[in-house]
Amino acid sequence: MTAPSCSCGQRATAGLRVLVVDDHPMVRTALSEMLSDEDGVTVVGECADGSQVVEAVTRLQPDVVLMDYSMPEMDGLAATEALRAAHLQSQVIMLTAEDSIGRPTVAAAGADGLLPKSARTDALLRCLRSAVLGCGCCPYCL
């Protein structure tokens, strides 16, 4: 039996604009470089902490925010709640290395997906595109 196919990962998402949020400079840079190498994906900015996210989303208007869960000043959950309280419409994909965080917790904060940092690049890209397109085929999307 083959897995169901989905065209959302194959459909063009012209101009997919991504904001990368992670407190580790090396992770932020690696994610930004990897995403920038993809056709149809533009990294519009980076934030080192959740406290910078509302201002950055307001100014840069990304389609999706790739948000680290664990950050020292303002974590990803609080930053996502702040985005939703400000009525900002960017999709939020939470990125985590922790096994203990649950999908209901992330969904309650207003995130659109929960992706482990161990995920492959193709899974990350599919998740970003699926969240924006709303196709419902990504196992990481909420």
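Refer to the structure above for everything that follows.
Summarised in this report is the structure supplied together with it. (Residues numbered from 1 in each chain as written. Predicted model: local features only at pLDDT ≥ 70, side-chain atom pairs only at ≥ 80, totals over all residues. Heavy atoms only, no water.)

1. Some words on the overall build of the protein
Phase 1: For the protein, the helix and strand inventory stands at five helices and five strands.
Phase 2: Going residue by residue from the N terminus, the α and β elements of the protein occur as β-α-β-α-β-α-β-α-β-α.
Phase 3: Taken over the C-alpha trace, the protein has a radius of gyration of 14 Å; the compact-globule value for 142 residues is 14 Å, and the two agree within 12%.
Phase 4: For the protein, the C-alpha atoms occupy an extent of roughly 45 × 30 × 30 Å along the three principal directions.
Phase 5: The buried share among the 142 residues of the protein stands at 44%.
Phase 6: Taking contacts inside the protein between residues at least 6 apart in sequence as the whole, the part at least 24 apart equals 66%. (Helix = DSSP H or I, 4+ residues; strand = E, 2+ residues; numbered from the N terminus. Rg over C-alpha atoms; globule rule 2.2 N^0.38 Å. Buried < 20%, exposed > 50% of the residue type's maximum accessible area, 1.4 Å probe, protein only. Contact = heavy atoms within 4.5 Å.)

2. What about the pattern of salt bridges?
Phase 1: A complete count under the given rule lists six salt bridges for this structure.
Phase 2: With a closest N to O distance of 3.5 Å, Glu-46 and Arg-28 form a salt bridge. Note that Glu-46 is positioned in strand E2 (residues 41–47) and Arg-28 in helix H1 (residues 25–36), a separation of 18 residues in sequence.
Phase 3: A relative accessible area of 41% means that Glu-46 is categorised as partly exposed.
Phase 4: Owing to a relative accessible area of 13%, Arg-28 belongs among the buried residues under this scheme.
Phase 5: In this structure, Asp-68 engages Lys-117 in a salt bridge whose closest nitrogen and oxygen atoms are separated by 3.3 Å. Of the two residues, Asp-68 is situated in strand E3 (residues 64–68) and Lys-117 in the loop between strand E5 (113–116) and helix H5 (121–133); the sequence distance between them amounts to 49 residues.
Phase 6: Here Asp-68 falls in the buried class, since its relative accessible area comes to 3%.
Phase 7: Salt bridges sharing common partners tie together Asp-22, Asp-68 and Lys-117. (Salt bridge = Lys/Arg side-chain N within 4 Å of Asp/Glu carboxyl O.)

3. What about the packing of H1 against H5?
Phase 1: Where H1 contacts H5, the axes come no closer than 12 Å and their chain directions differ by 75°. As the angle between them shows, H1 and H5 are arranged roughly perpendicular. Together, Leu-31, Met-34 and Leu-35 of H1 and Thr-121, Leu-124, Leu-125 and Leu-128 of H5 make up the contact between the two elements.
Phase 2: For the contact of H1 with H5, the residue count by class is six nonpolar, one polar and no charged. (Axes fitted to C-alpha atoms, helices over the stretch in contact; angles between N-to-C directions. Parallel < 35°, antiparallel > 145°, perpendicular 65-115°, else oblique. Nonpolar A, V, L, I, M, F, W, Y, C, P; charged D, E, K, R; others polar.)

4. Concerning the state of the cysteines
Phase 1: This model, assessed by the stated rule, comprises zero disulfides.
Phase 2: A disulfide-free cysteine, Cys-127 has its sulfur positioned 3.7 Å from the sulfur of Cys-138, the nearest such atom.
Phase 3: Under the relative-accessibility criterion, Cys-127 is labelled buried at 0%.
Phase 4: Considering cysteine sulfurs only, Cys-141 is the nearest to Cys-138, which forms no disulfide, with 3.6 Å between them.
Phase 5: Judged by relative accessible area, which is 6%, Cys-138 ranks as buried. (Disulfide = S-S within 2.5 Å.)

5. Some details on the environment of Val-18
Phase 1: Tracing the sequence through the fold places Val-18 in strand E1 (residues 16–21).
Phase 2: Sequence-wise, Val-18 and Leu-35 are 17 residues apart; in three dimensions their C-alpha atoms are separated by 8.4 Å.
Phase 3: When sequence neighbours within four positions are dropped, the list of residues in contact with Val-18 reads Leu-35, Val-41, Thr-42, Val-43, Val-44, Gly-45, Pro-62, Val-64, Leu-66 and Leu-128.

Keep in mind these values describe shape, not function.
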